[in-house]
Amino acid sequence: MAEIVIKNVAKSFGSFQALHSIDLTISDQEFMVLLGASGCGKTTLLRIVAGLETPSQGEVWIGGRRVDKLPPRERGIAMVFQNYAVFPHLTVFENIAFGLRMKKLPQQEIDRRVNRTAELMHIEQLLKRYSGQLSGGQRQRVAVARALAMEPDVILMDEPLSNLDALLRLEMRAELKGVLDASKTTTIYVTHDQVEAMSLADRISVMNGGKIVQAASPVEVYRNPAARFVGSFIGNPPMNFLPARRGSNGQWQVAGLEVAGPASGDALEFAIRPEDLTVSPDGFAAVVRVVEPLGAHTLVTAEVGGKPFRAVLDSDLAVSPGDELRLSPKPDRVRWFDPESTKAV
Amino acid sequence: MTATVENDTPKAVETARSAGRFLFIAAVVLICAWVLVPIYLLMVNTLSSPQEVTGFPKTGIPSFDFSSIQFFISFAGVAKALWNSVLVAVLTMILSIGIGAPAGYALSRFDFPGKEAFRMLVVMTRAFPLPLLALPLAVLFIRTGLDDTAIGLAIVHTVLAIPFAVLITFSLFSGIPLELEEAAWTLGCNRWQAFQKVVLPLVLPGIAASAVFAFTISWNEVFAAAVLTIENRTLPAFLVQNLNVSPLHLKFAGGAAMVIPALIFIFAVRKYLFAMWGIANR
């Protein structure tokens with residue numbers, strides 16, 4: 001059992017507040033992804049859990065034990081670093097065995113664990129090599145194997161795939177997911193890649209400016225963003241936003257259209273995902289600016305009420321720049337945000 | 001007409017290029033000659049018989065006569081001076097790495113107030129000319145009983161060698177990613193174990209090089225050695241004192257005895273010295 005509880009953790013570097021009072025609970029065996037743009041504090045939070053950084057305030061609990069004053073080696077964690085951190089003076093075997101030797105395990109157990117994790121990561125034929133003789137992808141595998149061999153309660157991963165090329169990243173992503181599911185450890189995974197986050201996570205914590213904006217399942221984060229930031233950060237292309245004013249008989253005025261919405265408030269922001277738009281005669285009047293055929297779909301960038309507005313449309317539809325389209329939102333996919341607090345309404 | 005112009009332009013460029021090339025080669029030859037000719041003459045005269053050294057005309061080719069060297073080695077006091085030199089150099093090596101390497105590690109790994117000032121200060125120790133310091137140092141050493149001892153001289157040489165030890169080890173430690181140490185911490189090491197198991201094996205060749213460099217600095221240093229020792233002279237100080245009044249072939253033999261070990265040492269560690277000055281580590 002290794003539940004991770006982060007209580008009121010904050011961190012400042014000099015006058016820069018990297019983290020503002022973070023509260024987060026990651027349940028046992030959960031795969032939690034910390035997602036955010038660079039500089040949002042996600043790596044700092046991970047390093048605080050690892051013990052490589054001390055929080056300015058707050059507590060970190062792992063498996064019912066308060067660990068924020070303990071050094072990394074006493075926390076029951078293993079970490080995979082962005083640049084792999086494979087020891088260059090040791091063979092792959094000794095790299096994987098490194099932590100096991102520190103634990104003073106018998107040689108037989110070390111052999112067993114090294115061979116098992118090497119097999120798991122498909123590097124059994126590389127055990128005698130040095131890191132200088134490995135490719136980036138192979139180093140990555142060694143780093144993961146080294147972490148798994150520790151049989152830790154918690155695995156922490158800091159952008160482990162960001163240094164791999166696109167194809168390899170795709171392959172490693174699927175493999176990581178399988179291996180980590182099977183290992184039944186609690187995982188915190190830091191990334192700035194939303195596709196990676198969506199595909200791996202049980203739960204995503206979207207971070208911005210040193211705060212967690214939303215922590216929920218990938219689908220929930222995508223469908224029901226808790227704040228404007230989440231909607232604009234997740235999804236490619238991102239959500240469309242239009243200003244809305246209170247109209248007559250409880251309806252909302254959005255770019256010349258009457259839309260049903262929340263009962264309270266005077267001014268809100270209307271939001272819709274580009275794929276939740278259909279071409280129909282009673283929609284928004286949109287002037288097409290750019291048409292990008294993507295094969296399965298066509299991405300249309302248009303202008304609605306003077307604002308850029310994207311729609312993912314059927315690729316059979318014949319549109320060209322300058323055309324006028326009528327785009328109407330699917331009513332159950334419309335979301336509303338408070339322009340003051342940027343929170344969802 | 002156009003044809004002439006077309007032929008002319010590239011020719012001009014080529015002439016300029018070949019002129020530049022000539023200058024470059026000439027400069028290289030000049031610098032090499034500047035360094036190599038004295039060493040060559042030193043070798044020739046060391047390996048010639050005493051008669052050849054003083055005789056004329058010169059052949060410019062060594063006759064591989066070892067009588068000068070043999071005489072030099074058996075010269076009274078040389079063996080003792082050589083032993084003193086080695087002793088002082090080894091002590092200097094140990095002291096300057098013992099003090100310099102931790103300083104280099106701290107500079108590369110920690111942020112502390114006054115870090116820049118400290119770096120400056122380390123180099124500043126070389127700004128004071130030794131002759132200026134020699135008299136007060138001699139007085140101080142006599143008062144504390146450090147005069148004419150190997151350790152006393154080694155302390156002075158350490159002061160001379162430390163800037164290099166700090167700068168070389170600083171660049172060595174900076175070349176080791178912090179992530180490697182952090183990985184070791186998460187894999188069960190405390191700070192010292194991580195240093196010992198990960199950082200040390202990676203910097204050891206460089207540390208050895210920097211130690212050899214400290215050795216060489218002490219080996220070649222003559223001024224402090226001449227001022228601060230009387231009975232226990234190191235080889236350079238001994239030679240300065242005695243060779244003035246020695247025959248020419250002995251001077252050459254003594255000179256070679258000083259130059260050759262230093263040359264070998266510097267050659268062995270050249271790669272790390274280049275790295276220290278920021279030139280690519282090849």
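Residues numbered from 1 in each chain as written. Chains lettered and ligands numbered in written order. Predicted model: local features only at pLDDT ≥ 70, side-chain atom pairs only at ≥ 80, totals over all residues. Heavy atoms only, no water.

## A look at the nonpolar core
Residue and element names in this part refer to chain A.
- Residues F87, I96, F98, I123 and L156 are the most contacted members of the largest nonpolar core, which totals 120 residues.
- Those residues in contact with I96 that sit more than four places away from it in its chain are V114, T117, I123, L127, V142, A145, R146 and A149.
- Counting residues in hydrophobic clusters, the runner-up holds 24 residues, among them L257, I272, A311 and L325. (Core = buried A, V, L, I, M, F, W, Y, C linked by side-chain atoms within 4.5 Å. Buried < 20%, exposed > 50% of the residue type's maximum accessible area, 1.4 Å probe, protein only. Contact = heavy atoms within 4.5 Å.)

## Observations regarding the packing of aromatic side chains
- By the definition in use, this model includes 17 aromatic pairs over all chains.
- Each ring, one from F87 of chain A and one from F98 of chain A, has its centre 4.7 Å from the other, and the planes form 50 degrees; the classification is tilted. Here F98 of chain A lies in helix 2 (residues 92-102) and F87 of chain A lies in the loop between strand 6 (77-80) and helix 2, a separation of eleven residues in the sequence. Residue F87 of chain A shares its accessibility class with F98 of chain A, and that shared class is buried.
- Look at F173 of chain B and F195 of chain B: their rings are 6.1 Å apart centre to centre, the planes differ by 45 degrees, and that puts the pair in the tilted class. Here F173 of chain B, found in helix 7 (residues 150-174), pairs with F195 of chain B, found in helix 9 (residues 191-220); they are 22 residues apart in sequence, far enough to count as distant. As far as the burial class goes, F173 of chain B and F195 of chain B line up, both buried.
- Members of the aromatic cluster, joined through ring pairs, are W252, F270, F284, F309 and W336 of chain A.
- Note that R146 of chain A overlies the ring of F87 of chain A, its terminal NZ or CZ placed 4.7 Å from the centroid. (Phe/Tyr/Trp six-rings, centres within 6.5 Å; stacked < 30°, edge-to-face > 60°. Helix = DSSP H or I, 4+ residues; strand = E, 2+ residues; numbered from the N terminus. Lys NZ or Arg CZ within 6 Å of the ring centre and 35° of its normal.)

## As for helix 5 (residues 166-183) of chain A
All names here are of chain A.
- For helix 5, which comprises 18 residues, the first-to-last C-alpha distance of 25 Å matches the rise-based estimate of 26 Å (1.5 Å per residue) to within 8%.
- For helix 5, the set of buried residues is M172, R173, E175, L176, V179 and L180.
- For helix 5, the elements touching its buried residues are strand 3 (31-35), helix 3 (107-120), helix 4 (136-149), strand 7 (154-158), strand 8 (186-191) and helix 6 (194-200).
- In the segment just after helix 5, K184 is the residue with positive phi, at about 55 degrees. (Expected span 1.5 Å × (residues − 1).)

## Structural notes on the side chain of Q214 of chain A
Residues and elements named next belong to chain A.
- As for its position among the elements, Q214 is in strand 10 (residues 211-216).
- Polar contacts involving the side chain of Q214 include one to the main-chain carbonyl oxygen of N224, which spans 3.0 Å.
- Looking at Q214, its side chain comes within polar contact range of the main-chain nitrogen of A226, at 2.9 Å.
- If sequence neighbours within four positions are ignored, Q214 has contacts with I204, S205, V206, E220, V221, N224, P225, A226 and V230. (Polar contact = N/O pair within 3.5 Å; in protein donor to acceptor, adjacent residues only side chain to side chain.)

## Examining the pairing of strand 17 (residues 307-314) of chain A
All names here are of chain A.
- The sheet contact formed by strand 16 (residues 297-304) and strand 17 spans eight bridges and is antiparallel. In the strand pairing of strand 17, V300 is matched with A311.
- Between strand 16 and strand 17, which follow one another and run antiparallel, lie two residues, and G305 among them has a positive phi close to 55 degrees. (Pairing = 2+ DSSP bridges.)

## Quick notes on the domain arrangement of chain B
Residue and element names in this part refer to chain B.
- For chain B, the domain assignment lists domain 1 (2-46) and domain 2 (75-276).
- Spacing between the C-alpha centres of domain 1 and domain 2 amounts to 38 Å.
- Between domain 1 and domain 2, the contact holds five residues from the first and seven residues from the second.
- By the criterion of area lost to domain 2, the three top residues of domain 1 are L42, N45 and T46, representing 68% of everything that side buries.
- For the pair domain 1 and domain 2, the interface holds zero salt bridges. (Domains from an automatic or database assignment. Buried area = accessible area lost by both parts, 1.4 Å probe. Salt bridge = Lys/Arg side-chain N within 4 Å of Asp/Glu carboxyl O.)

## Brief notes about the sheet that holds strand 2 (residues 16-26) of chain A
Residue and element names in this part refer to chain A.
- Judged by pairing direction, the sheet is antiparallel, and its four strands sit side by side in the order 2-1-4-5 without closing on themselves. The sheet terminates laterally at strand 2 and strand 5 (65-66), the two strands that pair on one side only.
- By the bridge criterion, two bridges tie strand 4 (residues 57-62) to strand 5 in an arrangement that is antiparallel. The residue of strand 5 that forms the bridge with W61 is R66.
- Against the sheet, helix 1 (residues 42-50) makes contact with strand 1 (4-13), strand 2 and strand 4, and its axis sits at roughly 120 degrees relative to strand 1, the strand it touches most. (Axes fitted to C-alpha atoms, helices over the stretch in contact; angles between N-to-C directions.)

## A short note on the domain arrangement of chain A
Residues and elements named next belong to chain A.
- Looking at chain A, the domain boundaries give domain 1 (4-226) and domain 2 (240-337).
- On a C-alpha basis, the centres of domain 1 and domain 2 stand 40 Å from each other.
- Listed as interface residues are six residues of domain 1 and, on the opposing side, six residues of domain 2.
- Approximately 520 Å² of surface area, both sides summed, lies buried where domain 1 meets domain 2, with 37% of it carried by carbon and sulfur atoms.
- Among the residues of domain 1 in contact with domain 2, Y222, R223 and P225 are the three that bury the most area, contributing 82% of the side total.
- Taken together, the links from domain 1 to domain 2 amount to four residue pairs in polar contact (both at pLDDT 80 or more).

## Some details on the interface of chain B and chain A
- At the junction of the two partners, chain B supplies 16 residues and chain A supplies 20 residues.
- Both sides of the chain B and chain A interface together cover about 1700 Å² of buried area, and 73% of this is carbon and sulfur.
- Considering only the surface of chain B that becomes buried against chain A, E179, T186 and L187 of chain B emerge as the three largest contributors, covering 41% of it.
- At the surface where chain B touches chain A, the tally comes to one salt bridge.
- Taking the shortest distance from any N to any O, the salt bridge between R47 of chain A and E182 of chain B comes out at 2.6 Å.
- Our enumeration of links across chain B and chain A arrives at three residue pairs in polar contact (both at pLDDT 80 or more).
- Secondary-structure elements contributing two or more residues to the side of chain B that touches chain A are helix 8 (178-186) and helix 9 of chain B.
- Here the element with the most residues in the side of chain B that touches chain A is helix 8 of chain B; it accounts for seven residues.
- Here the residues of the side of chain B that touches chain A sort into nine nonpolar, four polar and three charged. (Nonpolar A, V, L, I, M, F, W, Y, C, P; charged D, E, K, R; others polar.)

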